[in-house]
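What the coordinates show
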Amino acid sequence: MEESALASSWSCPASLLAAGQSAKFRLRCWDRTVEGFLVNHDGRFYAYVNRCAHAGTTLDWWPNEFFTDDGRHLICATHGAIYLPDTGLCIAGPCPGASLTPLPVAQQGDTLIVSCPEGEP
Ligand code: FES
């Protein structure tokens, strides 16, 4: 996709994202391209910038693989930081207490809409 074609919001049908699944997307925020990911954790939806709070790499070494094997946490493939899916808080690994950058998620019917956060992070 051309960078100029990116928008400040991204949407997908909630019904396509079962519990424990994730989806990647890109937004155009503050004149920059932001890669993000959306997860369904126990039936609730959360989105974050795909940038580890430790050293800033993307979390998914394998594309769109964000959950730990047991599906309870998010994990960064680079050095193993473990995050809570519902808050983005790092609870284990090299950056406990740090957090992923959340992106707002709205739901209209079956449509999930992720948008740029207010203000520049
Ligand atoms: S960059 Fe993610 S754990 Fe180090």
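How each quantity is defined
Residues numbered from 1 in each chain as written. Predicted model: local features only at pLDDT ≥ 70, side-chain atom pairs only at ≥ 80, totals over all residues. Heavy atoms only, no water. Phe/Tyr/Trp six-rings, centres within 6.5 Å; stacked < 30°, edge-to-face > 60°. Helix = DSSP H or I, 4+ residues; strand = E, 2+ residues; numbered from the N terminus. Buried < 20%, exposed > 50% of the residue type's maximum accessible area, 1.4 Å probe, protein only. Pairing = 2+ DSSP bridges. Core = buried A, V, L, I, M, F, W, Y, C linked by side-chain atoms within 4.5 Å. Contact = heavy atoms within 4.5 Å.

So, on to the packing of aromatic side chains. Across all of its chains, the model carries 4 aromatic pairs by this definition. Residues W10 and F25 carry aromatic rings whose centres are separated by 4.7 Å and whose planes lie at 20° to one another, so their mutual orientation is stacked. A residue pair is termed long-range when its members are at least 10 positions apart, and W10 in strand β1 (residues 9–13) and F25 in strand β2 (residues 22–29) qualify at 15 residues. Ring centres of F37 and Y48 lie 5.9 Å apart, and the angle between their planes is 45°; this geometry places the pair in the tilted category. Pair noted here: F37 is in strand β3 (residues 32–41) and Y48 is in strand β4 (residues 44–49), with a separation of 11 residues, a long-range link. The same class applies to F37 as to Y48, namely buried.

With that settled, the discussion passes to the sheet that holds strand β7 (residues 90–92). Here 3 strands make up an open sheet; going across it, the order is β5-β6-β7 and the pairing antiparallel. Edge positions in the sheet fall to β5 (74–75) and β7, since each has one partner strand and no second.

For the rest of this paragraph, the subject is the environment of L6. Residue position: L6 is located in the segment before β1. Looking at L6, the relative accessible area reads 9%, which means it is buried. Sequence separation between L6 and T33 is 27 residues; the distance between their C-alpha atoms is 7.9 Å.

Taken together, 4 strands build an open sheet; the order of strands is β2-β3-β4-β8 and the sheet is antiparallel. The sheet is open, and its two edges are formed by β2 and β8 (102–103), each paired on a single side.

Core analysis: the largest hydrophobic core is formed by 16 residues, its most contacted members being F25, L38 and L103. Elements with a minimum of two residues in this core: β2, β3, β4 and β10 (111–115). Excluding anything up to four places from it in sequence, F25 contacts W10, V34, E35, G36, F37, L38, A47, L103 and V114. F37, A81, C90 and L100 belong to the second largest nonpolar core, which has 15 residues in total.

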